[in-house]
Each structure stands twice: as structure tokens, then as C-alpha cells.
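# What the coordinates show
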Amino acid sequence: FGLLMGTDSVFNSRITSAFQVFAFVPEEGSLREQAYQSAIAGFITNPILGPSINRFVQDNGTLAFSFNTYLSTLGMGGSLGLGAYLLYEVSLYFEFAKKKTPGKWIFFLFLLMFEFIGLVDNTIYNLANFLFYLTSICCFEMTSRPEDVQIHEDYFQYQEENREY
């Protein structure tokens, strides 16, 4: 669904207009284009460091990121910010490749889907998505970790059996 929304403009416009009928999404098709142009214009003004998050602050004080994680990162952090984000992504995939757990391919699919969703929506800059993303990464990192403490109950069992009352 996300891939169709990002690649097929007819499908995207039909789904958007269907949701606009119910007033769930009060946006027009040009809103995405304006957000993309704003992020690119912000990158052009300061291509190395980017203009910071202030570029996306609206007149009413809310944040309106572009509908793309990579463009938002480029618009806020410039080349340096996008490079750092891509370095983080590459290091995450290398960490994934080093793990020897049986369920790692499910986590790999999760990472890929999260990246694909990031092409048509902000995944990292949405707090709920980001919290779920970080929690998933932490849980995956802990899957092959050895136990910190191993309690041998044999010693305590022996003590109970030989205790005199």
C-alpha cells in the first residue's frame, strides 16, 4: 500500500480524495509538493549544515515536516545531517548482519518496511513511530545477549534439605 502511494500518482490521488471526503486528511495534493520544495529550498540555502528545524516551523508554532524522512533530514541537517543518518542506517544493517539469531529475518523485513514507509511519510520524526522503532531495535539487540547472572539452585536446595529445625 505504501509503495503504491509513493509511486502511483493515480492511486495516491484516489486514496487521498477518498479520505478527504471523510475530512480525515484536510490536505490538498499541492501540500506535499510545497513541503518538498520547502525542504529542498532549505537545503539550498545551507547545503552543509542545513537551516535546522526552524525551517519547518509554521506561523502557528507547529512543525510541518516534508512527507519524506530523507528530505526532512536533508532540509534540517543538510549534507552533514543526511550523511550522519545514512551512516547510522548502514551501521544498523551491519549490526543486523552480525547477529546469529533465528528471527533476524523478521527484523530485517521490519527495517526494510520502515525505510520504505519513510519514503512516503516521516517515520523517524513521528514520535510514536520513533519510540516503536527504538524499542524494536533494543529488543533485537538483547536477543542474543547472554544472561547476566546464572543462579544455581542446587546449592540452595541442598541447604534446605540438610537444615536442622
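Note that the structure is predicted; figures quoted are calculated from it, not measured. (Residues numbered from 1 in each chain as written. Predicted model: local features only at pLDDT ≥ 70, side-chain atom pairs only at ≥ 80, totals over all residues. Heavy atoms only, no water.)

## Examining the overall build of the protein chain
Counting secondary structure elements, the protein chain contains seven helices and zero strands. When its helices and strands are written in sequence order, the protein chain yields α-α-α-α-α-α-α. By residue count, 27% of the 165 residues in the protein chain fall in the buried class. For the protein chain, the proportion of contacts with a sequence separation of at least 24, taken over those separated by at least 6, is 56%. (Helix = DSSP H or I, 4+ residues; strand = E, 2+ residues; numbered from the N terminus. Buried < 20%, exposed > 50% of the residue type's maximum accessible area, 1.4 Å probe, protein only. Contact = heavy atoms within 4.5 Å.)

## Things to note about helix α6 (residues 127-141)
Here α6 contains 15 residues, and its C-alpha end-to-end distance of 21 Å stays within 8% of the 21 Å for a straight helix at 1.5 Å per residue. When α6 is considered as a whole, its buried residues turn out to be Y133, S136, I137 and F140. The arc that holds every buried residue of α6, seen down its axis, measures 100°, which confines them to one face. Exposed residues pointing more than 90 degrees away from the buried face of α6 are listed as L127, A128 and L131. Buried-residue contacts for α6 involve α4 (69-98) and α5 (104-120). (Expected span 1.5 Å × (residues − 1). Arc of directions from axis to C-beta.)

## Section: the pattern of salt bridges
The tally for this structure, following the rule as stated, stands at one salt bridge. For K98, the salt bridge is made with E95, and the minimal N-O distance between the two is 3.1 Å. Taken together, the residues span about one helical turn, with K98 and E95 both in helix α4 at a distance of three residues. Relative accessible area serves as the criterion here: at 32%, E95 is assigned to the partly exposed category. (Salt bridge = Lys/Arg side-chain N within 4 Å of Asp/Glu carboxyl O.)

## Quick notes on a nonpolar patch on the surface
A surface patch of nonpolar side chains, about 370 Å² in accessible area, is lined by M113, F116, I117 and L119. Structurally, F116 can be placed in helix α5. (Patch = residues over 30% accessible without salt bridge, like charges linked within 9 Å, V, L, I, M, F, W, Y side chains within 5 Å. Areas by Shrake-Rupley, 256 points an atom, 1.4 Å probe, with all protein chains shown as cover.)

## Some words on the nonpolar core
If you look at the biggest cluster of nonpolar residues, it comprises 11 residues: Y85, L92, F96, F107, F110, L111, F114, I124, Y133, I137 and F140. Only α4, α5 and α6 provide two or more residues apiece to this core. The element that contributes the greatest number of residues to this core is α5, accounting for four residues. With sequence-adjacent residues up to four places away left out, I124 is seen in contact with T69, Y85, F114, F130 and Y133. Of all hydrophobic cores here, the second largest spans seven residues; its members include F65, L74, M76 and L82. (Core = buried A, V, L, I, M, F, W, Y, C linked by side-chain atoms within 4.5 Å.)

## Regarding the confidence of the model for the protein chain
Per-residue pLDDT for the protein chain has a mean of 78; in total, 76% of the residues score no lower than 70. Ranking the elements of the protein chain by mean pLDDT puts helix α7 (residues 153-161) last with 61 and α4 first with 89. (pLDDT = per-residue confidence, 0-100.)

## Quick look at the packing of α4 against α6
In the contact formed by α4 and α6, the axes pass within 11 Å of each other and the chain directions differ by 30°. Helix-helix and strand crossings are classified by hand; for α4 and α6 the assignment is left-handed. Across the interface between the two elements, Y88, E89, L92, E95 and F96 from α4 touch Y133, I137, F140 and E141 from α6. By residue class, the composition of the contact of α4 with α6 is six nonpolar, no polar and three charged. (Axes fitted to C-alpha atoms, helices over the stretch in contact; angles between N-to-C directions. Left-handed = near helix turned anticlockwise from the far one by under 90°. Nonpolar A, V, L, I, M, F, W, Y, C, P; charged D, E, K, R; others polar.)

## A closer look at the environment of A84
Counting through the fold element by element, A84 comes out in helix α4. Looking at A84, the relative accessible area reads 47%, which means it is partly exposed. Through-space distance from the C-alpha of A84 to that of T73 is 9.6 Å; in sequence the pair is 11 residues apart.

## Thoughts on the packing of aromatic side chains
Per the stated rule, a full pass over the model turns up 12 aromatic pairs. Relative to F114, the ring of F110 lies with its centre 5.8 Å away and its plane at 40°, an arrangement referred to as tilted. A residue pair is termed a helical-turn pair when its members lie 3 or 4 positions apart in one helix, as F110 and F114 do in helix α5 at four residues. Its relative accessible area of 8% is what places F114 among the buried residues. Cluster of aromatic residues (ring-pair linked, three or more members): Y93, F96, W105, F107, F108, F110, F114, F132, Y133 and F140. (Phe/Tyr/Trp six-rings, centres within 6.5 Å; stacked < 30°, edge-to-face > 60°.)

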